[in-house]
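Listed below, chain by chain, are the residues.
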Amino acid sequence: MDEQVAAAYRRFADVEARGVSEIYFRWAEAIADDPEVTNLIGQLPGIKRQPNLVFAAARHLGAPEGPYDPFRSWLLSNWSTVTAVVQTRSTQTNEAARCAVLLPILSRLDGDLALIEAGASAGLALYPDRYSYRYDDEGAITELDPDDGRSRVVITCTIDSGSVPSRLPNIAWRAGVDLNPIDAQDPEQLNWLETLVWPEHDERRQRLHDAATIAAADPSHLVHDDLLEKIPELINDAPTGAHVVVFHSAVLNYLPLDKRETFVELVSSFPSVTWISNEGPGVIPTVSSQVDAEVGERAILAVNGRPVALTGPHGQSYLAL
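These lines cover the structure that appears in this document, whether it is placed above or below. Throughout this description, residue numbers start from 1 for each chain and increase along the sequence as written. Selection of residues for local features in this predicted model requires a pLDDT of at least 70, selection of side-chain atom pairs for listing and counting requires 80 or more, and totals for whole chains, interfaces and linings are taken over all residues. Hydrogen atoms and water are omitted, and side-chain values are computed over all heavy atoms in the structure.

## What about unusual backbone geometry?
Here A250, not a glycine, exhibits a phi torsion of approximately 50 degrees, which is positive. Secondary structure elements are defined from DSSP: runs of H or I of at least 4 residues count as helices, runs of E of at least 2 residues count as strands, and each element is numbered from the N terminus. Within the secondary structure layout, A250 lies in the loop between β7 (243–249) and α11 (257–268). Under the relative-accessibility criterion, A250 is labelled partly exposed at 35%. Categorising residues by exposure relies on relative accessible area from a 1.4 Å probe, with only protein chains included: less than 20% of the type maximum marks a residue as buried, more than 50% marks it as exposed, and the intermediate range marks it as partly exposed.

What follows is the structure, encoded as structure tokens:
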């Protein structure tokens, strides 16, 4: 039994999947007590062992979604093929609904905005002005729609009083960098993104498809490169006079701590740039150390390194600090 893998899958089951995905909960819980499967997973490189990636690779290849035993049999019979997908793919869940927790900040910035997303994937979070929002403040609903009417993507978010945005931002330019950018116009690449959405989350899968349709109609400038190398160049490429915003969500956890620290120093070195981070607790230590509230599985939204809110991992909630 690979105890490290077992512990990781048990934590995933108890903390992340419980009450969120019954299928992933059952699979992860069972794998944590399955020596044969944990030993196989333990042969993968560290970052490739994550449940999200292993499960998505299996589902991408046609693994049965349901009880663990049929899934286990399929996994053992197809392990070499699953391994090949795991080695060439990464978890790039591109959740457009996270725009709902970015909007309270973006809507308060003056002028035209030049958005730059670090770890952009398909760049679906680069279209906050093209989506519709329904903010719920204890039953009081605020509706925000683009100028041309209700979007095909409607995002709901619970929010505390005083944080509700009053308008959509004006976006002059959209750019992003990713080691493996996704082309929203490529059905095969889009299929991988859809597979990364957890099995029961049909609404999120539909939102992904609809947001990709919007992105494909007006492609952003997405660059295949290392974010530490490319961010300064993109900042310099932004239109003159636009307010540059560099943002990222659930991205820096894939970097080692020293590179995270380098990234923070990098974006902080541009005084005219607004830096918005939306990362899990502990990912940016200088941000997390400023939060006294119980974070749980929520992310910490920060502006220029200062925490401003706790947010749901899929943009479903915003609680100002």
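## Quick word on helix α6 (residues 79–88)
The α-helix advances 3.6 residues per turn, and as a result positions three or four apart in sequence lie on the same side. Among the residues of α6, those classed as buried are W79, V82, T83, V85 and V86. Taken down its axis, α6 places every buried residue within 165 degrees of arc, on the same side. Those residues of α6 that are exposed and aimed more than 90 degrees away from the buried face are S80 and T88. The secondary structure elements touched by the buried residues of α6 are α3 (35–41), α4 (51–60), α5 (68–77) and α8 (187–196). As used here, the arc is the angular range of directions from the helix axis to the C-beta atoms. Here, residues are in contact when the closest pair of their heavy atoms is within 4.5 Å.

## A few points about the side chain of R98
Along the chain, the position of R98 falls in the loop between α6 and α7 (99–106). E95 provides the closest opposite charge to the buried, salt-bridge-free R98, at an N-O distance of 6.7 Å. Looking at R98, its side chain comes within polar contact range of the main-chain oxygen of P313, at 2.9 Å. Ignoring sequence-local partners within four residues, the contact set of R98 consists of T93, S249, A250, N278, P313, H314 and G315. Charge counting follows a simple rule: Lys and Arg are positive, Asp and Glu are negative, and His as well as the terminal groups are ignored. Salt bridge, as used here, is a side-chain nitrogen of Lys or Arg placed within 4 Å of a carboxyl oxygen of Asp or Glu. Throughout this description, a polar contact denotes any pair of N or O atoms lying within 3.5 Å of each other; where both atoms belong to protein, one of them has to be capable of donating a hydrogen while the other can accept it, and for residues adjacent in sequence the pair is counted only when both atoms sit in side chains.

## Thoughts on the packing of aromatic side chains
Stacked, tilted and edge-to-face pairs are distinguished by plane angle, under 30 degrees for stacked and over 60 for edge-to-face with tilted covering the rest, among Phe, Tyr and Trp rings (Trp via its six-membered ring) whose centres lie within 6.5 Å. Enumeration according to the criterion identifies 12 aromatic pairs in this entry. On the basis of an interplanar angle of 35 degrees and a centroid distance of 5.8 Å, the ring pair of Y24 and W27 is categorised as tilted. Of this pair, Y24 and W27 both sit in helix α2 (residues 22–31), 3 residues apart, roughly one helical turn. Their ring planes at 15 degrees and their centres at 6.0 Å tell us that Y133 and Y135 sit as a pair that is stacked. You'll find Y133 and Y135 in the same group, each marked buried. Through pairs of rings, three or more aromatic residues link up here, namely Y9, F12, Y24, W27, F55, Y68, F71 and W198.

## Details of the pairing of strand β2 (residues 132–137)
Of all 6 residues making up β2, 5 are buried, and the element is well covered by its neighbours. DSSP calls a pair of strands paired once it identifies at least 2 bridges connecting them. In this structure, β2 lies alongside strand β4 (residues 154–159), joined through 5 bridges in parallel fashion. Paired with D136 across the bridge in β4 is T158. Pairing analysis gives 5 bridges linking β2 to strand β3 (residues 140–144), with the strands arranged antiparallel. Bridge pairing in β3 places Y133 opposite L144. In this structure, the hairpin formed by β2 and β3 is closed by a connection of 2 residues, where E138 is found at a positive phi of approximately 50 degrees.

## Some words on the sheet that holds β3
One open sheet accounts for 11 strands, arranged β3-β2-β4-β11-β10-β9-β8-β7-β1-β5-β6; its pairing is mixed. The sheet is open, and its two borders are formed by β3 and β6 (221–224), each paired with just one other strand. Strand-to-strand, the axes of this sheet are offset by a mean angle of 20 degrees, without reference to chain direction. Two strands pair when backbone bridges link them, and β7 and strand β8 (residues 274–279) are joined in this way by 5 bridges, in the parallel orientation. Counterpart to V245 in the pairing with β8 is T274. Packing of α7 onto the sheet brings it into contact with β1 (112–118), β2, β3, β4, β7, β8, β9 (299–303), β10 (306–311) and β11 (317–320), and relative to β2 it is tilted by some 85 degrees. Every axis corresponds to a line fitted to the C-alpha atoms, with the helix fit spanning only the stretch in contact, and the corresponding angles, defined between N-to-C directions, vary from 0 to 180 degrees.

## Observations regarding the environment of Y24
Overall, the relative accessible area of 0% leaves Y24 in the buried class. Sequence-wise, Y24 and Y68 are 44 residues apart; in three dimensions their C-alpha atoms are separated by 9.3 Å. With sequence-adjacent residues up to four places away left out, Y24 is seen in contact with F12, A17, N52, F55, A56, R59, W198 and P199.

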